[in-house]
Amino acid sequence: MAVRCRALIALAFAAILYAAPVHAQTQEEQALALLRASSAQSAIITFCGKHYAIDGTTALRISQTARDVATKVLGQERANAAFRDELARRYAEVKDFGEQQWCASQRDELSSGEVRIFKD
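Presented here is a report on the structure given in the accompanying data block.

## Quick notes on the overall build of the protein chain
Here is step 1: Tallying secondary structure elements over the protein chain gives 5 helices and 0 strands in all.
Here is step 2: Mapped in sequence order, the helices and strands of the protein chain form the string α-α-α-α-α.
Here is step 3: Looking at the 120 residues of the protein chain, the share that counts as buried comes to 35%.
Here is step 4: Counted over contacts in the protein chain with a minimum sequence separation of 6, partners at least 24 positions apart contribute 72%.
Here is step 5: Summed over its atoms, the accessible surface of the protein chain is roughly 7000 Å², and 55% of this surface lies on carbon and sulfur atoms.

## What to know about the packing of aromatic side chains
Here is step 1: This structure, assessed with the given rule, holds 2 aromatic pairs.
Here is step 2: Measuring from centroid to centroid gives 5.0 Å for F47 and Y91, while their planes differ by 75 degrees, and the two rings are edge-to-face. One end of the pair, F47, is in helix 2 (residues 27–47); the other, Y91, is in helix 4 (residues 76–97), and 44 residues separate them in sequence.
Here is step 3: Judged by centre distance (5.7 Å) and plane angle (85 degrees), the rings of Y52 and F118 are edge-to-face. Residue Y52 is found in the loop between helix 2 and helix 3 (56–74), and its partner F118 is found in the segment after helix 5 (99–110); the two are separated by 66 residues along the sequence. The pair formed by Y52 and F118 is uniform in burial state, with each residue classed as buried.

Criteria and cut-off values
- Throughout, a residue's number is its position along its own chain's written sequence, starting from 1.
- Owing to the predicted nature of the model, reporting of local features is limited to residues with pLDDT of at least 70; listing and counting of side-chain atom pairs is limited to 80 or more, with chain, interface and lining totals taken over all residues.
- Hydrogens and water molecules were not included; the side-chain quantities draw on all heavy atoms of the structure.
- Strands here are runs of E lasting at least two residues and helices are runs of H or I lasting at least four, both read from the DSSP assignment and numbered beginning at the N terminus.
- Three exposure classes are used, based on accessible area relative to the maximum for each residue type with a 1.4 Å probe and protein chains only: buried under 20%, partly exposed in between, and exposed over 50%.
- Any two residues whose heavy atoms approach within 4.5 Å at even a single point are treated as in contact.
- Accessible surface is estimated by sampling points in the Shrake-Rupley manner with a 1.4 Å probe; for residues, cover comes only from the protein chains shown.
- Each Phe, Tyr or Trp ring (for Trp, its six-membered ring) is paired with any other whose centre lies within 6.5 Å, and the angle between the two planes then decides the class: stacked below 30 degrees, edge-to-face above 60, tilted in between.

Taken by themselves, the reported measurements are silent on function.
Spelled out as C-alpha cells, the structure:
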C-alpha cells in the first residue's frame, strides 16, 4: 500500500511538470498545477466511465492527494475557490472538445504511466 501511495503522489507531482512550462515554479504555481491535475482526475471520473472502464478509486485518490497538497500551500479557502474555478474550466474544456474525444485523449496520455486510471 505504501508503494501505491508513493506512486499516486509521484503521479500528482508529475502532473505539475506536464501542466506547466519548464522553469522554476513557485509553490503557488505548483499548487495551482496540482489543482489542474485534480480537476482532470475529477473529469475522468465524471465523464470517462461512460466510455471506458476506469479505476475510479485511484483517480479519486490522485485527485484528493493533489488537492490536499495544494490546500497546504494555498490555504483552505483559496484552494477551494481555485479548484471550483479550475473544475468549471475543465468541464467546459470537456464540453468544447467533446466528451468521448476528450476521454480518448486522456486515455492515450495516461496509457504509459505507472498508475493505470483507464483499465482498457
